[in-house]
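Descriptive analysis of the structure
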Amino acid sequence: MLRLPTFELHKPTTVAAALEAAAASGPATRFVAGGTDLLPNLKHEMIEADHLVSLAGIESLRGIRLDGDDLVIGPMTSLTDVASSELVQERAPALAQAAGVVAGPQHRNQGTLGGNVMLDTRCQWINQSYFWRSALGFCLKKDGTECHVIEGGKRCVAAVSNDSIAPLYTVGAKLVFQSLATPEMIAAGAPEGVQTRPVPVDALFKADGAYNKKVGLQELLTEIRIPALPAGHRGSYQKLRLRGSIDFPQLGIAARLDLDEAGVIVHADVVAIVVAARPVRVKKAPDQLVGQTPGTPGFEAALAELCDLATRSVKALPNIPGDTEWRQRMVPVLIEDAIRACV
Ligand SMILES: Cc1cc2nc3c(=O)[nH]c(=O)nc-3n(C[C@H](O)[C@H](O)[C@H](O)COP(=O)(O)OP(=O)(O)OC[C@H]3O[C@@H](n4cnc5c(N)ncnc54)[C@H](O)[C@@H]3O)c2cc1C
Ligand code: SF4
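Residues numbered from 1 in each chain as written. Chains lettered and ligands numbered in written order. Predicted model: local features only at pLDDT ≥ 70, side-chain atom pairs only at ≥ 80, totals over all residues. Heavy atoms only, no water.

1. A few points about the site of ligand 2
- As a matter of local geometry, ligand 2 sits amid Cys-123, Trp-125, Ile-126, Cys-139, Leu-140, Lys-141, Cys-147, His-148, Val-149, Cys-156, Val-157 and Ala-158.
- Of all the cavities here, the one that holds ligand 2 is the largest cavity.
- By residue class, the composition of the shell around ligand 2 is 10 nonpolar, 1 polar and 1 charged. (Near = heavy atom within 4 Å. 1 Å grid on protein atoms, 1.4 Å probe; cavity = no way out; pocket = protein on both sides within 12 Å on 5 of 7 lines; lining within 4 Å. Sits in = over half its atoms within 2 Å of the grid points. Nonpolar A, V, L, I, M, F, W, Y, C, P; charged D, E, K, R; others polar.)

Here is the structure:
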């Protein structure tokens, strides 16, 4: 049996108290939401933390509401609540679908949208026990000097595997982070106290699987904001996994199509996850699909061309368990499924 290492647990009831606890506890501190990913990673000694700041007692971080034109989801809202929310289903259908296929039902009851957004990357050589990894000589992501996926690789390519991220990209979500101003920030002219930083979701990630986010560990995600989308908005999320009841994705594709009143596509977006450390946007999607009308021969030809082109930019790596060639062959299949589900 794998045991949890010892740590000090902080239980704040306000965001300000959580930020203060994190700032006072030093760099080896983590926020814990549902704990469904963080606690296994601590047991596997993939992460070392002396202090955990629990977000469970902060009521202001829960719930789904409208704020002006924005749909605002608190990061401590469970995935079950996100999936079953009529507001989310109506305004961001692909996100509701994605939340409903994360892991299994118990994980979705306990796991949160914020924890899913901030999920660590995954790789078949790192999501193992310490003993297993030590036998291999470890790897670049933790304790080692080489990558077992890319021979001679200098950067970790563990896969971004959070299902909610691809739909959040396609709806142009904004993530709001809060943190306490550090002495360096104050010296550079920032006011003392709580700092608020909105980050467009497609600016959150970097191509380094060792830590694939551009925000620091002391920054607390406090809101997920989704702008109002046009009446003709359609979204879909398609997930490839071995066991439909519980598994992480082996590939995830979110698609967005906005149709005008005449049924013509005026906006198109396709985003893939699990192929690299950061999500991959299929840049050819708008070129192929905008201006097309679903159901016409022109649309069918454009969709076939897009699926073909996408296989050149969406390349599966042997970074997660499973057959890489099968995952690669499923790229055009899932893109077609996602687009057809939209129309
Ligand atoms: C068997 C199994 C199957 C799984 N399958 C899937 C799957 O199919 N798809 C999938 O996406 N995930 C899967 N997961 C992972 C996990 O259950 C989900 O991603 C879940 O949404 C994580 O949320 P959590 O609240 O439990 O996060 P936690 O484990 O509490 O936290 C995850 C990370 O986010 C950080 N964090 C949490 N909240 C905040 C915040 N507000 N601000 C800043 N940082 C924060 C934590 O510090 C930690 O680094 C699986 C897990 C297991 C055990
Ligand atoms: S991609 Fe390479 S460095 Fe990263 S976790 Fe996997 S084996 Fe380790």
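2. Concerning the pairing of strand β10 (residues 251–259)
- The buried count for β10 comes to 9 of 9 residues, which makes it a mostly enclosed element.
- Side chains of β10 alternate between two faces, with Leu-251, Ile-253, Ala-255, Leu-257 and Leu-259 and Gly-252, Ala-254, Arg-256 and Asp-258 buried alike.
- Hairpin connection from β10 to strand β11 (residues 265–273): 5 residues lie between these consecutive antiparallel strands, with Gly-263 at a positive phi of about 85°. (Buried < 20%, exposed > 50% of the residue type's maximum accessible area, 1.4 Å probe, protein only. Helix = DSSP H or I, 4+ residues; strand = E, 2+ residues; numbered from the N terminus. Pairing = 2+ DSSP bridges.)

3. Brief notes about the domain arrangement of the protein chain
- Looking at the assigned domains, one finds that the protein chain contains domain 1 (1–58), domain 2 (59–117 + 160–226) and domain 3 (233–342).
- Once you take the C-alpha centre of each, domain 1 and domain 2 turn out to be 18 Å apart.
- Contact residues are listed per partner, giving 17 residues for domain 1 and 18 residues for domain 2.
- For the pair domain 1 and domain 2, the summed buried surface comes to about 1,500 Å²; carbon and sulfur atoms form 67% of the total.
- One can count 0 salt bridges joining domain 1 with domain 2.
- Counting every contact that joins domain 1 to domain 2 gives 8 residue pairs in polar contact (both at pLDDT 80 or more).
- Broken down by secondary-structure element, the contributors of at least two residues to the side of domain 1 that touches domain 2 are α1 (15–25) and β2 (29–32). (Domains from an automatic or database assignment. Contact = heavy atoms within 4.5 Å. Buried area = accessible area lost by both parts, 1.4 Å probe. Salt bridge = Lys/Arg side-chain N within 4 Å of Asp/Glu carboxyl O. Polar contact = N/O pair within 3.5 Å; in protein donor to acceptor, adjacent residues only side chain to side chain.)

4. Regarding the packing of aromatic side chains
- The full count for this structure, using the stated rule, is 3 aromatic pairs.
- Geometrically, the ring pair formed by Tyr-130 and Phe-138 is tilted, given 5.2 Å between the ring centres and 55° between the ring planes.
- Relative accessible area serves as the criterion here: at 35%, Tyr-130 is assigned to the partly exposed category.
- A residue is classified by how much of its surface remains accessible, and Phe-138, at 15% relative accessible area, is buried.
- Pairing Tyr-169 with Phe-205 gives two aromatic rings, centres 6.5 Å apart and planes at 35°, and the pair type is tilted. Taken as a pair, Tyr-169 in helix α9 (residues 165–170) and Phe-205 in the loop between β7 (194–200) and β8 (220–226) lie far apart in primary sequence, 36 residues in all. Comparing Tyr-169 with Phe-205 shows no difference in burial state: the two are buried. (Phe/Tyr/Trp six-rings, centres within 6.5 Å; stacked < 30°, edge-to-face > 60°.)

5. Here's the deal with empty space enclosed by the protein
- Here the structure, examined in full by the defined rule, presents 1 cavity of 30 Å³ or more.
- Here the largest cavity is characterised by a volume of approximately 80 Å³.
- Taken together, Cys-123, Trp-125, Ile-126, Cys-139, Leu-140, Lys-141, Cys-147, His-148, Val-149, Cys-156, Val-157 and Ala-158 make up the full set of residues lining the largest cavity.
- Looking at the lining of the largest cavity, its residues break down into 10 nonpolar, 1 polar and 1 charged. (Points joined across faces, edges and corners; volume = space filled by probe spheres on them.)

6. Remarks on the nonpolar core
- Residues Ile-73, Leu-95 and Ile-226 are the most contacted members of the largest nonpolar core, which totals 40 residues.
- Of all elements in the fold, only β5 (70–73), α3 (79–84), α5 (93–99), α7 (113–117), α9, β6 (174–180), β8 and β11 reach the threshold of two or more residues within this core.
- For this core, the element with the highest residue contribution is α5, accounting for 5 residues.
- Domain assignment of the residues forming this core places at least three in each of domain 2 (59–117 + 160–226) and domain 3 (233–342).
- Among the nonpolar cores identified, the runner-up in size contains 30 residues, and Leu-306, Val-314, Leu-334 and Ile-335 belong to it. (Core = buried A, V, L, I, M, F, W, Y, C linked by side-chain atoms within 4.5 Å.)

7. Details of the layout of surface pockets
- In this structure, the second largest pocket encloses a volume near 220 Å³.
- Taken together, 15 residues line the second largest pocket, and the ones lying closest to its centre are Ser-179, Leu-180, Thr-182, Met-185 and Gln-218.
- Split by residue class, the lining of the second largest pocket holds 7 nonpolar, 6 polar and 2 charged.

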